[in-house]
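Inside the fold
Each chain, letter by letter, is given below.
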Amino acid sequence: MRTILSAVLIALVALLVPASAVAYWADHELGNADRYTAAMSPLAENRAVQGVVVTQAGRALAGQIDAGPFQGGVDALLDEALRSFAGTPAYRTAWDAANRAAHAAFLDALATGDGDAVTIDLAPVISQVKRELVADGVPFADRIPKTHVSVKVMEYDNLGALRKGFRMLQIAGVWLPVLTVVLAGAAVTVAVRRRRAVVATGLGLAVGAVLLWTAVSLCRRLTLDDLPADVDRAAAAAVFDALTAFLRTTAWVVLAVGLVAALAAWLTGRLRRTP
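Let us look at the structure shown here.

What counts and how
Residues numbered from 1 in each chain as written. Predicted model: local features only at pLDDT ≥ 70, side-chain atom pairs only at ≥ 80, totals over all residues. Heavy atoms only, no water. Core = buried A, V, L, I, M, F, W, Y, C linked by side-chain atoms within 4.5 Å. Buried < 20%, exposed > 50% of the residue type's maximum accessible area, 1.4 Å probe, protein only. Contact = heavy atoms within 4.5 Å. Axes fitted to C-alpha atoms, helices over the stretch in contact; angles between N-to-C directions. Helix = DSSP H or I, 4+ residues; strand = E, 2+ residues; numbered from the N terminus. Left-handed = near helix turned anticlockwise from the far one by under 90°. Nonpolar A, V, L, I, M, F, W, Y, C, P; charged D, E, K, R; others polar. Patch = residues over 30% accessible without salt bridge, like charges linked within 9 Å, V, L, I, M, F, W, Y side chains within 5 Å. Areas by Shrake-Rupley, 256 points an atom, 1.4 Å probe, with all protein chains shown as cover. Salt bridge = Lys/Arg side-chain N within 4 Å of Asp/Glu carboxyl O. Phe/Tyr/Trp six-rings, centres within 6.5 Å; stacked < 30°, edge-to-face > 60°.

Turning our eyes to something else, we now look at the nonpolar core. Judged by nonpolar contacts, the single largest core of 35 residues is most densely connected at Leu-43, Val-49, Val-53, Tyr-91, Trp-95 and Val-125. Residues within four places of Val-53 in sequence aside, it is in contact with Tyr-91, Trp-95, Leu-122 and Val-125. Val-13, Val-17, Ala-23 and Ala-209 belong to the second largest nonpolar core, which has 14 residues in total.

Before going further, it helps to examine the packing of helix α1 (residues 2-30) against helix α8 (residues 194-225). For the pair α1 and α8, the least separation of the axes is 8 Å and the interaxial angle reads 30°. In the packing of α1 onto α8, the handedness of the crossing is right-handed. Facing α1, whose interface residues are Ser-6, Ile-10, Val-13, Ala-14, Leu-15, Val-17, Pro-18, Ala-21 and Val-22, α8 presents Ala-197, Ala-200, Thr-201, Gly-204, Leu-205, Val-207, Gly-208, Ala-209, Leu-211 and Leu-212. A per-class count over the contact of α1 with α8 returns 15 nonpolar, 4 polar and no charged.

This part takes up a nonpolar patch on the surface. On the surface, Met-1, Ile-4, Val-8, Leu-12, Leu-15, Val-207 and Leu-211 cluster together into a nonpolar patch covering about 690 Å² of accessible area. Turning to its location among the elements, Val-8 is positioned in helix α1. We classify Val-8 as partly exposed; its relative accessible area is 44%.

This next bit is on the pattern of salt bridges. According to the stated counting rule, one finds 6 salt bridges in the structure shown. For Arg-233, the salt bridge is made with Asp-225, and the minimal N-O distance between the two is 3.2 Å. One connected set of salt bridges, linked through shared partners, spans Arg-220, Asp-241 and Arg-248.

Let's shift gears to the side chain of His-103. Mapped onto the secondary structure, His-103 falls in helix α5 (residues 89-112). The exposure class of His-103 is buried, given its relative accessible area of 2%. When near neighbours in sequence (up to four residues on either side) are disregarded, His-103 contacts Leu-30, Gly-31, Asn-32, Ala-33 and Tyr-36.

Moving on, we come to the environment of Ala-242. Its place among the elements puts Ala-242 in helix α9 (residues 233-243). The class for Ala-242 is buried, based on a relative accessible area of 16%. Taking the C-alpha atoms as reference points, Ala-242 and Ala-38, separated by 204 residues in sequence, lie 9.5 Å from one another. Not counting the four nearest positions on each side in its chain, Ala-242 is found in contact with Ala-39 and Leu-43.

Now for the packing of aromatic side chains. Using the criterion set out here, one finds 3 aromatic pairs in the structure. With a centroid separation of 6.5 Å and 25° between ring planes, the pair formed by Tyr-91 and Trp-95 is classed as stacked. Taken together, the residues span about one helical turn, with Tyr-91 and Trp-95 both in helix α5 at a distance of 4 residues. For the pair Tyr-91 and Trp-95, one class covers both residues: buried. Between the aromatic rings of Trp-213 and Trp-252, the centroid separation amounts to 5.5 Å while the plane-to-plane angle is 65°, which identifies the pairing as edge-to-face. A residue pair is termed long-range when its members are at least 10 positions apart, and Trp-213 in helix α8 and Trp-252 in helix α10 (residues 245-273) qualify at 39 residues. Classification of Trp-213 as partly exposed rests on a relative accessible area of 34%.

Rendered as structure tokens:
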């Protein structure tokens, strides 16, 4: 009975590894403004994401300036200025500010039930570009009004279900990882042959890590396949990878820990049998 109980606990550990990682991720990564902004910050240097920002901001700015016969030249200057600005520290600062605002809007939508998408408002980017254009003496740049252009990051059809699911993950993120560790320890404690139980528990952790990696990869493929035709696939993939980087790193760490623990326990048993 002790052997059966230990095996059941190890199986539960394997299943709880991905669930624990996702719950912790939702609570401590997606639910935290600083960590969310830090995860999205590297995308400021991603070419595909920069291309989307430049395109959307350029379209918005071009529509705000009536330069008459000089319209083509002004539009070209705006496009050049945006592409040049996208590689500056000021752009990265504006990008971080936009993402922090998007995170606040997402949490507000979960709290109030308003809205059906998470968007990044490019107003900080456009304001900074306008200041630089005016400082450089670009004609008609001072005519650019305060403009809000949104880039959609996430869209949801059933906000009520999303709110409940996210809340459950936040609650589980507190105790589910602890429960996984406790069950792993219990699986070894109740086992008749504890060294073998350590090997099995380590392999169970490794299996859980593989399940987590598989789930993230499957969600990535399904998410990208479900995108509308007008959404830049490369930019969307970059956003998905940035948001789920914690889960992929966790999968590798848990896999390494599980395999090292299993190998160490197995080698210890072999060495003790050696005369």
